[in-house]
Amino acid sequence: MFIHRETFLSAFFGDETAKSYYCSEELVLAIAALGSKLSSSDGELFNKSEEYYQGAKNKALKTVFQLDGNSFTELTSSSKLAFIQTLLCLAFYDVGSGENAMAWYLSGLAFRIAHEIGLHLSPNAWNDVYEDELSELDFEVRSRIYWGCYIADHLISVLFGRSTTLRLSNSTVPETDELPDIETGIEDYIYDPKATLSMANPLKRLIVLLSIMFFQAEDGIRDLRMSRGLGDVYKR
C-alpha cells in the first residue's frame, strides 16, 4: 500500500540503476517484523518478530529525535521516505499487538514527516523540495507513498475513533497510478511472478470510499452540534 516492492527490492539488492534511499536498515527490520508477526505462531520466525520490531523502532526513533548525535532536519527529503514507511510498518505492528497508543504516536509522526517533505503537494512543487532529479517512476512512487499514508491515516482513525491528520482538501498530488514493471531480476522473491498485480484501482476506490465516509461523519457531527445549540436556545 505504501511500499513499492520493485524499487524497494532493487535498492535492497544494490541494483546500480536503483536509488539507494528506497531502502534502509530500519525499513528492512520493520518489514521483517510485520512478516514474521504473520507467520505461524509456533515457529522460530514468529519469535523473532519482537526483536525485529524493537530494532527498527530504536534505530528509527534515535534518528528522528536526534539521539544518535545527527540532525534529522539535515537529512535529504528523499532519504526521509524510508522513515515514513518504517514508522507506518511499526504502527501496523502495534495495531496487531494491541498497542493502540503507540500505533497512534508512530503513524502520526509518519504523517507529519510526509507533510514536512511536501508529499501531499503537486509534483510541480517537488523541484524545490527534493535534491535529486526525479524520474516519472520517482513521481509515481512518491504518489503511492502519500496515498498509502492517506489510507493508513483514515483506517487507523476508524479503528481508534479519532480524527484524521491528512485531508483530501490539502492534497494536490495526483492519485496513485499503476506503476510500470521493472526488470530487476527479483522474480525469485515474488510469490507468483505470473500473477498480474493491480494496486492502483483498489487504492483509488479506497480513497473515494474513505473520503465519502468521513465527509458523512463530519456532517453528522456538525448536525448534532447544531441541534444541541438550538436546544440550548430553546432552554433559555
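These figures come from a predicted structure and were not determined experimentally. (Residues numbered from 1 in each chain as written. Predicted model: local features only at pLDDT ≥ 70, side-chain atom pairs only at ≥ 80, totals over all residues. Heavy atoms only, no water.)

Engineer: Any chance you could explain the packing of helix 2 (residues 25–37) against helix 5 (residues 81–97) here in plain terms?
Structural biologist: Helices that pack against each other are described as a pair by the angle of their axes relative to one another and the distance between those axes. Two elements in contact, helix 2 and helix 5, have axes separated by 9 Å at closest approach and are oriented at 25°. Classed by the angle they form, the pair helix 2 and helix 5 counts as roughly parallel. Handedness of the helix 2/helix 5 crossing: left-handed. Contacts between helix 2 and helix 5 involve Glu26, Leu27, Ala30, Ile31, Ala33, Leu34 and Lys37 from the former and Ala82, Phe83, Gln85, Thr86, Cys89, Leu90, Phe92, Tyr93 and Ser97 from the latter. Its residues placed into classes, the contact of helix 2 with helix 5 shows 11 nonpolar, three polar and two charged. (Axes fitted to C-alpha atoms, helices over the stretch in contact; angles between N-to-C directions. Helix = DSSP H or I, 4+ residues; strand = E, 2+ residues; numbered from the N terminus. Parallel < 35°, antiparallel > 145°, perpendicular 65-115°, else oblique. Left-handed = near helix turned anticlockwise from the far one by under 90°. Contact = heavy atoms within 4.5 Å. Nonpolar A, V, L, I, M, F, W, Y, C, P; charged D, E, K, R; others polar.)

Engineer: Before we go on, may I ask you to explain the environment of His120 in this structure?
Structural biologist: Structurally, His120 is set in the loop between helix 6 (100–116) and helix 7 (136–160). On the basis of relative accessible area, His120 is assigned to the buried category, the value being 10%. In contact with His120, other than residues within four places in its own chain, are Ala114, His115, Tyr146, Asn170, Ser171, Thr172 and Val173. (Buried < 20%, exposed > 50% of the residue type's maximum accessible area, 1.4 Å probe, protein only.)

Engineer: Quick question: what am I supposed to make of helix 7 here?
Structural biologist: Two residues of an α-helix separated by three or four positions point the same way, owing to the 3.6 residues in each turn. The end-to-end C-alpha distance of helix 7 is 36 Å, a good match for the 36 Å that 25 residues give at a rise of 1.5 Å each. Of all 25 residues in helix 7, 19 are buried, a share of seventy percent or more. Looking one or two residues past helix 7, Gly161 carries a phi angle of roughly 65°, positive in sign. (Expected span 1.5 Å × (residues − 1).)

Engineer: Looking at this structure, how should I read unusual backbone geometry?
Structural biologist: As a rule of thumb, non-glycine residues mostly have phi less than zero, and peptide bonds are mostly trans rather than cis. At Gln66, a position not held by glycine, the phi torsion is positive, near 60°. Note on placement: Gln66 falls in the loop between helix 4 (49–64) and helix 5.

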